[in-house]
Amino acid sequence: MKTFCFKLYHSDHNNALMRQINIAGLIYNHCLALQKRYYRLFGKYIQPYRLMKHLTKLRRTKCFACMRKLGSQAVQNIAERIDRAYNLFWSNLKRKVKTSPPKFKAVRRYKSFTLKQAGWSLDEKTGHIRLGKKWYGYFQSRKIEGKVKTVTVKRDAVGDIYVYLVCDVQCESVGARTGKIVGFDFGLKTFLTGSDGHDIKSPDFFKQNAKCIKAKCRELSHKQKGSHNRRRARLDLARAYRKMENQRHDFHFKLARRLCEEYALICLETLNMKWMARKHGRKVHSLGFSKFVQILDYEAQKFGTQIVFIDRWYASSQICSNCGYKNPALKDLRIREWDCLSCGAHHDRDRNAAINIERVGASTCRGDEVRPEQSGICR
């Protein structure tokens, strides 16, 4: 499966899509309230197909006639979304992960609706797509591959509307290839520290755009609530944040592609993002480590590169890469360089961790016997 994203041209017709997304938000809140009330009264959960039948009956009434403006399959997909959200909530409870049940959403913050087999048609020659009864033009940035399975209409904070086409594409299988092996340790000042000396500096896009964002936040706070000037200021601020997000997204994709072209095996350490965000705050969210790992895993499948994830509890920074001595004093993150008490070797903290990550990752893929604290996950 492959997803193609296209931006729609600005048009008065887009207001109809905005209203349909608002209606989808109302249906979502209605279904969520129904689930909560039913569970409070009977202690049971409404199955998604039963909820779909209920929504079909509501569409025929006068009070809920606005639901008819949204495609029937889009309404059914909302019930499926709530079912997936509750299933995720229950699975997190079983795994003892701190979580919360699905919450109500403000209609203006609801983002999208999805159509499956019906309610849309595509004309690739002219670059138009029919959603409901109206045709919309989109920017033809690339050619669509495969058969389109679902169409998702999504809006962002600026008010622009995008169309996501999920296509069934038969990709050629890429076998594992031979080449260089590397281990990377994530950091704040240095985004990736390589075991072979290949370091990637951290591009702090938030710091680069902080001055602009600060000025636009100040302008927004000075505007009167409910005024048109406040709405314009809010959109300007949303554009600044979108620019920063696009810069980070572009950096992640280019870096992931470059690494997959150069290395056949990449060893990484499993990250505890909640702990890192609590410890280091905004810097971690600005760098987007978790998103980069997802993009790297996606690009690796194209090049045949193998990604190995080392257990987060492996003390990669505390173990000497020369003799294997473990120095518990290195739990203090302020120590960036240290000398091994056993062999006297001098280490840089991040470089030493990257070398240990590479060794454990390579031994895991070969199937060698490793110590319990060196066990990793290979995929």
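Novice: Which residues make up the overall build of the protein chain, and what values go with them?
Specialist: Assigned secondary structure in the protein chain consists of 9 helices and 15 strands. With the principal axes as the frame, the protein chain shows a C-alpha extent of 80 × 50 × 50 Å. Only carbon and sulfur atoms are counted for the fraction: they give 51% of the accessible area of the protein chain, which is about 22,800 Å². Side chains of the protein chain give 77 positive and 33 negative charges; the mean places of these two sets differ by 15 Å.

Novice: So what's going on with the packing of helix α1 (residues 14-42) against helix α2 (residues 48-59)? Residues and values would help.
Specialist: Two elements in contact, α1 and α2, have axes whose closest approach is 12 Å; the angle formed by their N-to-C orientations is 125°. It follows from the interaxial angle that α1 and α2 lie oblique. In the crossing of α1 with α2, the sense of the turn from one axis to the other is right-handed. Residue-level contacts link I27, H30, C31, L34, Q35 and Y38 of α1 to R50, L51, H54, L55 and L58 of α2. Grouping the amino acids of the contact of α1 with α2 by side-chain chemistry returns 7 nonpolar, 3 polar and 1 charged.

Novice: Could you give me a rundown of the confidence of the model for the protein chain, with the residues and numbers involved?
Specialist: Taken over all residues, the pLDDT of the protein chain has a mean of 85, while the share at 70 or more is 93%. Below a pLDDT of 50 lies the segment residues 369-379, which in the model reaches 23 contacts outside its immediate sequence neighbourhood of four places, other chains included.

Novice: Tell me about the state of the cysteines, and name the residues and values.
Specialist: The final tally for this structure, using the stated rule, is 0 disulfides. Of all cysteine sulfurs in the structure, the one in C340 sits closest to C323, which takes part in no disulfide; the separation is 3.5 Å.

Novice: Before we move on, can you summarise the sheet that holds strand β4 (residues 128-131) with the specific residues and values?
Specialist: Ordered by their spatial adjacency, 3 strands build an open sheet running β3-β4-β5, and the pairing between neighbours is antiparallel. Each edge of the open sheet carries a strand with a single partner, namely β3 (120-123) and β5 (134-137). Within the sheet, the average angular offset between the axes of one strand and its neighbour, ignoring direction, is 20°. Sheet topology places β4 next to β5; 4 bridges connect them, and they run antiparallel. When the sheet's bridge partners are listed, H128 is paired in β5 with G137.

Cut-offs and rules
Residues numbered from 1 in each chain as written. Predicted model: local features only at pLDDT ≥ 70, side-chain atom pairs only at ≥ 80, totals over all residues. Heavy atoms only, no water. Helix = DSSP H or I, 4+ residues; strand = E, 2+ residues; numbered from the N terminus. Areas by Shrake-Rupley, 256 points an atom, 1.4 Å probe, with all protein chains shown as cover. Lys, Arg positive; Asp, Glu negative; His and termini not counted. Charge placed at Lys NZ, Arg CZ, Asp CG, Glu CD. Axes fitted to C-alpha atoms, helices over the stretch in contact; angles between N-to-C directions. Parallel < 35°, antiparallel > 145°, perpendicular 65-115°, else oblique. Left-handed = near helix turned anticlockwise from the far one by under 90°. Contact = heavy atoms within 4.5 Å. Nonpolar A, V, L, I, M, F, W, Y, C, P; charged D, E, K, R; others polar. pLDDT = per-residue confidence, 0-100. Disulfide = S-S within 2.5 Å. Pairing = 2+ DSSP bridges.

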